[in-house]
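# Examining the three-dimensional arrangement
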Number of protein chains: 2
Amino acid sequence: MTVSTSERLAQLRELMRKPENNVDTYVVPSEDQHGSEYIASCDERRAWISGFNGSAGCAIITLDKALMFTDGRYFLQASEQMDQNWELMKQGLPGIPTWQDYLTTNLPASARIGIDPTLITEKDFKLLSSSKESEKPEAQDTNTLVPITTNLVDVIWASDRPPRPKNAVAPLEEKYSGESVSSKLHRLASAVSSNTPKPRALVLTALDDIAWLFNLRGSDIAYNPVFFSYAVVHFHSSEESDNLKKPRAVLFLQRNAIEHGDLKSVLGPQIEIRPYEDIWEYLKDLGNQLRSISAEKSQEKLVLIPDKASFAVAQAVGEDIINVLPSPITVLKAIKNSTELEGFRQSHIRDGIALARYFSWLEEKLTEEGIKLTEWEGAEQLEKFRSELPLFKGLSFDTISSTGPNGAIIHYSPDPKDCAVIERDQIYLCDSGAQFLDGTTDVTRTWHFGTPTDEEKRTATRVLQGHIAIDSAIFPNGTTGALLLDSWARKALWKDGLDFRHGTGHGVGHYLNVHEGPHGIGTRITANASPLKAGMIVTNEPGYYADGKYGVRIENVLIIKEVETPWNFGDKGFLGFECVTMCPIQTKLVDQNLISIDEKLWLNDYNRKVWEKISPLLKNDERALKWLEKECQPI
Amino acid sequence: MTVSTSERLAQLRELMRKPENNVDTYVVPSEDQHGSEYIASCDERRAWISGFNGSAGCAIITLDKALMFTDGRYFLQASEQMDQNWELMKQGLPGIPTWQDYLTTNLPASARIGIDPTLITEKDFKLLSSSKESEKPEAQDTNTLVPITTNLVDVIWASDRPPRPKNAVAPLEEKYSGESVSSKLHRLASAVSSNTPKPRALVLTALDDIAWLFNLRGSDIAYNPVFFSYAVVHFHSSEESDNLKKPRAVLFLQRNAIEHGDLKSVLGPQIEIRPYEDIWEYLKDLGNQLRSISAEKSQEKLVLIPDKASFAVAQAVGEDIINVLPSPITVLKAIKNSTELEGFRQSHIRDGIALARYFSWLEEKLTEEGIKLTEWEGAEQLEKFRSELPLFKGLSFDTISSTGPNGAIIHYSPDPKDCAVIERDQIYLCDSGAQFLDGTTDVTRTWHFGTPTDEEKRTATRVLQGHIAIDSAIFPNGTTGALLLDSWARKALWKDGLDFRHGTGHGVGHYLNVHEGPHGIGTRITANASPLKAGMIVTNEPGYYADGKYGVRIENVLIIKEVETPWNFGDKGFLGFECVTMCPIQTKLVDQNLISIDEKLWLNDYNRKVWEKISPLLKNDERALKWLEKECQPI
């Protein structure tokens, strides 16, 4: 089912030609103005203008062409969803430029390229501008990147466009967050004080950064308990006396949230609340104020801007007094305090109840009762069990409930109207998670409800061996996940010529986004840059995917912790993991000839721990308790 | 014992002031004009001018200062060897610039810096020149890097300076090299033909590149069977007819080598021999000839220059027609042919005879006879046993024969006049290797001739576990040693909080340099850039060093080979290792409680293979045979 985009494109081109815009090319990226991974439907501009609603893609519309740049995951979906107006640019195939390369090299020398400056980072904007200059240094008439403040898609979309969510914002009690806002502001001020020159302010634009700093949670974006907002944190000048040195902050919220009475009293006098829309004027005023400080105090003019903030934010403050850097909140937020860590443990035990209830229910339906259930119905039942748990606030992402070949589609999620029936005799892969007030869960288990083939057992065992290698790893403080640990998850798979095409693990927020930086275990640059540190959370999720047949993945959530070792080489300390996920790993899928004694001990020990933690909590579900006992039997 | 450098420095400064030079700073690097790792004594200019003869360091002499830049390995040695004229710049300590940074930022704006253009790479020369420009873009009067063709140190050194070695150059028969020069030239031509534009010539400056390409070996530099030389390979132009398309080459050799009668007949008509000194005139003529080609054929003008070639080489040809890139010989040379691989196997079996004879001899002397032997005497005896082997041509590096605490000094080698007595009750670490006509060896073993402590056993076992992890690794084709394998060698050590501060492995030449690129197993950038490929050689040498107490290292030489796996993910194939080193690993140093069944099987299997290969060859040495039998007993 394609959407007709002729009318939309005609209107857009009319706007592009208007004298106040005067551009011959317009870029529609996927991002929202906060650089969010998940976006609200009002921000799905690229999907609306093109009909293609995959999670990654960039539309470039010229006066006579409409191009969609996307990657291999979405070639099929994009070509099915887009009408004849659109040309699909298959990024990654030979000869196909990226959208950035297309802008810099494939357009006429005099092209004027319009873009909404709130939807592109400062770095990307500059990169595109400067690479255009360097491509054609001799040309008088070079391409120009034109920031257009009014989003042209929004103008056409108009009344059809869903309103921006303005849901209530609620404080997260200190018994869950473990640290007051005032203490967080204080630690933030210390963290940034090592910057030279010492900054006077920090602008926050990432929604999870803001939610964490102010101990607030919302529900404006699906699965992410965040709310639309900006914030500016002010640090003291060197002249202010000590008792004035407490940092203060301004939080920009949508009106609904502001009117929610108790926020002000919770946040205290350090935090001022202003309307969401006022951020732009505020940033301009901030820039002008700092600029007016006398020249002798030039070191007091600095404003820190996170590298994921938009070009519009950087422009509003002014390029002359900003320093663009990775958000200093990212590392503070990634290292969980003891309350958050205990919350992770407790929420994962609770989550384990729902998992045991669901998997035992599913097994009974499929095997004893022979009932036909779709993947979607399975996911619904799991959500139902989770929703009965204390402190439950919602799912942390779309449940991947997949049977047989669908398990090999890494980013699969069942369509309620059209999905497969779960087959007893095929591997069932379920990747799911929940948001609780005290933590966020993300767990994958792979089950076979009949008799697995030798191949299924062998490959599932290789995945398990990779999982165990990560879980039992000990490594020097300062190690990055990419360089040193990623290959440990693959070692056993490689012995059989197997591998998987995704990272081994990602950070997880505390009752926040299920994907959280800056660290990870993988081979990508991002996972490389940030060392693993005690108190961080990371998933451990090696897999194997047999296209058209089945998928295997075993995913647990791990706390990174300091470990005692007999020696301490280089005095830097050593780190290891504590697993908090509490769901049995199916021994039926283990090829016992393949695993070592140590691996067998690990597996039995893990399932025993699950039994000890979860069985006392299943008193009201006889089926789940019996199932858990069976699945936790040592091999 | 310091050398007085006052007179030398005074003379150097006089030369610097002369109008034809007119520099106020002079740089004396460690390198020779071929970028060799080991250099001849006539090229030890930095050692002669300063008195400091460590392997790494750069001297910067201004009209009133003499600075020596070196790294942590040499702080003590340099400060002991240099007189009062010299100031030691401890690179790596806070606030101490590198010699490059010193040149670009610490000298007056108008400084004129002299350097011998044959002793600095084109890239480094340009980097120093351009960074100076960008540091002070506004200054009229910037530093200038002045290439001075006459080496000023050589002028002063004059008659004292040892002559440049001009030893005989001998062909390496095809039964050892496995490939004719003509075939190598042909493959080289194919390899470079993918460059655009297609190159007309390649200049070779690395001595091992030239030795490999022309199947020649020499003895101008200790331990490296190479000879002073340059070479230019000419590729056909597109107009030449097919029967003329064979590449031809010019080899520049010192007179002695040229007069060695049979070289010309061996090399055949494709190779012209010219005097070593004529390279500069030849490169200039080559540049001028290509430049005279009409403009329409501009794509036919290209000369390839290896990135390790000197600035002088690049300048002689002319910057306008060169392309600087990693030497295309490096990868060709690194992938050994089947004759070379079989030579590696055979030479390592022979080497195993000498090792068994030496270690059994040493054990008897120390334990039964209670004789006092120095580390140097041990090394001498090992060399004597090796020198009795067929095809032996010399050692491949200075033998590390070290007892107790000396074993913890990674780059130790015993001083014949002043070294320790080998202690029966301390760990003895011996790292040694030989050059044979059919291969190069490099092997480390760690022995205890008395009763090891629990700590010694535990740490030695951790090292062994790392060694086994590498030896039994299977990994996807295309894997770089750094990213994926290096941590496997450290995993068992990390479990106990241990580690080692060197790479896990390096490439090895075939009857060539014992350190050979481009690949390796380590965390340095160089090891990162080059994937491991079937046919390459790499060492496997994890270690542990207890400062002041003992060192442990187990080093074998491995052939990288394709392996069969049940699956073949991504159709890229999988690689593994074949170990060629044949010397038992001491089981006395193994803590059996620490190792897995698989590791025990590996160890017993390895020692059994050694017994099978070496025992039939020890008929004339009863002691060695008995020792080998004892050491190869399964545990």
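Residues numbered from 1 in each chain as written. Chains lettered and ligands numbered in written order. Predicted model: local features only at pLDDT ≥ 70, side-chain atom pairs only at ≥ 80, totals over all residues. Heavy atoms only, no water.

- Chain A is annotated in an unreviewed UniProt entry as Xaa-Pro aminopeptidase P of Lentinula boryana.
- The UniProt entry for chain A carries this comment under Cofactor (unreviewed entry): "Mn(2+)". (UniProt positions renumbered as here; feature names shortened; annotations may be inferred.)

### Digging into the overall build of chain A
- Looking only at helices and strands, one finds 21 helices and 28 strands in chain A.
- Taken against the 2.2 N^0.38 rule, which gives 26 Å for 635 residues, the C-alpha radius of gyration of chain A at 26 Å falls within 12% of a compact globule.
- Projected onto the principal axes, the alpha-carbon positions of chain A cover approximately 70 × 65 × 50 Å.
- With 635 residues in all, chain A has 60% of them scored as buried.
- Restricting the contact set of chain A to residue pairs at least 6 apart, pairs at least 24 apart contribute 69%.
- Taken as a whole, chain A presents about 26000 Å² of accessible surface, with 49% of it coming from carbon and sulfur.
- Charged side chains of chain A number 69 positive and 89 negative; the gap between the two group centres comes to 2 Å. (Helix = DSSP H or I, 4+ residues; strand = E, 2+ residues; numbered from the N terminus. Rg over C-alpha atoms; globule rule 2.2 N^0.38 Å. Buried < 20%, exposed > 50% of the residue type's maximum accessible area, 1.4 Å probe, protein only. Contact = heavy atoms within 4.5 Å. Areas by Shrake-Rupley, 256 points an atom, 1.4 Å probe, with all protein chains shown as cover. Lys, Arg positive; Asp, Glu negative; His and termini not counted. Charge placed at Lys NZ, Arg CZ, Asp CG, Glu CD.)

### Regarding the interface of chain A and chain B
- Counting residues at the interface gives 31 residues for chain A and 31 residues for chain B.
- Both faces combined, the contact of chain A with chain B buries some 3000 Å², and carbon together with sulfur accounts for 69% of it.
- Looking at the side of chain A facing chain B, the largest losses of area belong to Trp-494, Trp-567 and Phe-569 of chain A, adding up to 27% of the total buried there.
- Our count for the chain A to chain B interface comes out at zero salt bridges.
- Elements with a contribution of two residues or more to the side of chain A that touches chain B: helix H17 (454-471), strand E21 (475-476) and helix H18 (481-495) of chain A. (Buried area = accessible area lost by both parts, 1.4 Å probe. Salt bridge = Lys/Arg side-chain N within 4 Å of Asp/Glu carboxyl O.)

### Regarding the relation of the copies chain A and chain B
- Between the two copies, chain A and chain B, the superposition gives an RMSD of 0.1 Å; the rotation angle is 180° and the shift along the axis is 0.1 Å. Both chain copies can therefore be described as sitting about a two-fold axis.
- A share of 100% of interface residues in chain A that are also interface residues in chain B marks the association as one of identical surfaces. (Least-squares fit on C-alpha atoms with pLDDT ≥ 70 in both.)

### Details of a nonpolar patch on the surface
- Taken together, the side chains of Ile-597 and Leu-601 of chain A together with Ile-597 and Leu-601 of chain B define a hydrophobic patch exposed on the protein surface, amounting to about 420 Å² of accessible area.
- Residue position: Ile-597 of chain B is located in helix H21 (residues 597-614). (Patch = residues over 30% accessible without salt bridge, like charges linked within 9 Å, V, L, I, M, F, W, Y side chains within 5 Å.)

### What about the sheet that holds strand E3 (residues 66-70) of chain B?
Residues and elements named next belong to chain B.
- Spatially, six strands are ordered E4-E3-E2-E1-E5-E6 in an open sheet, and the strand pairing comes out mixed. The open sheet has two free edges, formed respectively by strand E4 (87-90) and strand E6 (144-147), since each of these has just one partner strand. Averaged over all adjacent pairs, the angle separating strand axes in this sheet is 25°, with direction ignored.
- Of the strand pairs in this sheet, strand E2 (residues 58-62) and E3 are connected by four bridges, and their pairing is antiparallel. Bridge pairing in E3 links Ile-61 to Ala-66.
- Contacts between helix H1 (residues 6-17) and the sheet are confined to strand E1 (25-28), E2 and E3, with E2 contributing the most and set at about 65° to the helix. (Pairing = 2+ DSSP bridges. Axes fitted to C-alpha atoms, helices over the stretch in contact; angles between N-to-C directions.)

### Considerations on the nonpolar core
- Counting 163 residues, the largest nonpolar core has Tyr-358 and Phe-577 of chain A together with Tyr-358 and Phe-577 of chain B as its most contacted members.
- Those residues in contact with Tyr-358 of chain A, other than ones at most four positions away along the chain, are Gly-378, Ala-379, Gln-381, Leu-382, Phe-385, Ser-401, Ile-422, Tyr-428 and Cys-430 of chain A. (Core = buried A, V, L, I, M, F, W, Y, C linked by side-chain atoms within 4.5 Å.)

### Concerning a negative patch on the surface
Residues and elements named next belong to chain A.
- Judged by side-chain charge, Glu-277, Asp-278, Glu-281 and Asp-285 come together as a negatively charged surface patch.
- By secondary structure assignment, the location of Asp-278 is in the loop between strand E12 (271-275) and helix H12 (279-291).
- Here Asp-278 falls in the partly exposed class, since its relative accessible area comes to 33%.

### Let's talk about the pattern of salt bridges
- Evaluation of the coordinates by the stated rule reveals 72 salt bridges over all chains.
- Here Arg-187 of chain A makes a salt bridge to Glu-179 of chain A, at a shortest N to O gap of 2.8 Å.
- Take Glu-179 of chain A: its relative accessible area is 9%, and that puts it in the buried class.
- Residue Glu-388 of chain B is joined to Lys-384 of chain B by a salt bridge in which the shortest nitrogen-to-oxygen separation is 3.0 Å.
- Residue classification places Lys-384 of chain B among the partly exposed residues on the basis of a relative accessible area of 42%.

### A closer look at the side chain of Thr-403 of chain B
All names here are of chain B.
- Within the element layout of this structure, Thr-403 appears in strand E16 (residues 400-403).
- Within polar-contact distance, the side chain of Thr-403 engages the backbone nitrogen of Glu-423 at 3.1 Å.
- Apart from the residues within four sequence positions on either side, Thr-403 is in contact with Glu-375, Ala-420, Val-421, Ile-422, Glu-423, Gln-426, Ile-427 and Tyr-428. (Polar contact = N/O pair within 3.5 Å; in protein donor to acceptor, adjacent residues only side chain to side chain.)

### Remarks on helix H20 (residues 597-614) of chain A
All names here are of chain A.
- For H20, which comprises 18 residues, the first-to-last C-alpha distance of 26 Å matches the rise-based estimate of 26 Å (1.5 Å per residue) to within 8%.
- Those residues of H20 that fall on the buried side of the exposure criterion are Glu-599, Trp-602, Leu-603, Asn-604, Tyr-606, Asn-607, Val-610 and Ile-614.
- Contact partners of the buried residues in H20: helix H15 (338-368), strand E20 (443-447), H17, strand E27 (556-563), strand E28 (574-579) and helix H21 (622-631). (Expected span 1.5 Å × (residues − 1).)

### Quick notes on the packing of aromatic side chains
All names here are of chain A.
- A full pass over the atoms with the stated rule returns 40 aromatic pairs over all chains.
- Among the aromatic side chains, those forming a connected cluster through ring pairs are Tyr-358, Phe-359, Trp-361, Trp-447 and Trp-627.
- We note Arg-164 situated over the ring of Phe-228; from NZ or CZ to the ring centre the distance is 4.6 Å.
- The ring of Trp-212 has Lys-184 sitting right over it, with the charged end atom 4.2 Å from the ring centre. (Phe/Tyr/Trp six-rings, centres within 6.5 Å; stacked < 30°, edge-to-face > 60°. Lys NZ or Arg CZ within 6 Å of the ring centre and 35° of its normal.)

### Quick notes on unusual backbone geometry
- Of the consecutive residues Gly-517 of chain A and Pro-518 of chain A, the connecting peptide bond is found in the cis state with omega at 5°.
- For Pro-518 of chain A, the position within the fold is in strand E23 (residues 516-521).
- In this structure, Tyr-223 of chain B takes a positive phi of about 70° despite not being glycine.
- We classify Tyr-223 of chain B as partly exposed; its relative accessible area is 27%.

### Remarks on H1 of chain B
- Relative to the 16 Å expected for 12 residues at 1.5 Å per residue, H1 of chain B spans 17 Å between its end C-alpha atoms, a close match to the ideal helical length.
- For H1 of chain B, the elements touching its buried residues are E1, helix H2 (45-50), E2, E3 and helix H6 (152-157) of chain B.

### Quick notes on the environment of Lys-198 of chain B
- Take Lys-198 of chain B: it is sitting in the loop between helix H8 (181-192) and strand E8 (201-204).
- Linking Lys-198 of chain B and Asn-337 of chain B, residues 139 residues apart in sequence, is a C-alpha distance of 27 Å.

### Examining the environment of Val-563 of chain B
Residue and element names in this part refer to chain B.
- Within the secondary structure, Val-563 is located in strand E27 (residues 556-563).
- Each C-alpha atom of the pair Val-563 and Leu-575 lies 5.3 Å from the other, and the pair is 12 residues apart in sequence.
- Once you skip the residues sitting within four places of it in the chain, Val-563 turns out to touch Ile-474, Phe-574, Leu-575 and Gly-576.

### A word on the sheet that holds strand E19 (residues 439-440) of chain A
Residues and elements named next belong to chain A.
- One open sheet holds the three strands; their spatial order is E15-E18-E19, and the pairing between them is antiparallel. One side of each edge strand has no neighbouring strand; the edge strands of this open sheet are strand E15 (392-395) and E19.
- In terms of strand pairing, E15 meets strand E18 (residues 434-436) through three bridges, oriented antiparallel. Bridge pairing in E18 links Gly-394 to Gln-435.

### A word on the confidence of the model for chain A
Residues and elements named next belong to chain A.
- Here chain A shows a mean pLDDT of 92. Residues at 70 or above account for 94%.
- Scored below 50 in pLDDT, residues 134-141 shows eight contacts in the model against residues more than four places distant or in partner chains.
- The complex model carries a pTM of 0.92, and its ipTM stands at 0.90. (pLDDT = per-residue confidence, 0-100.)

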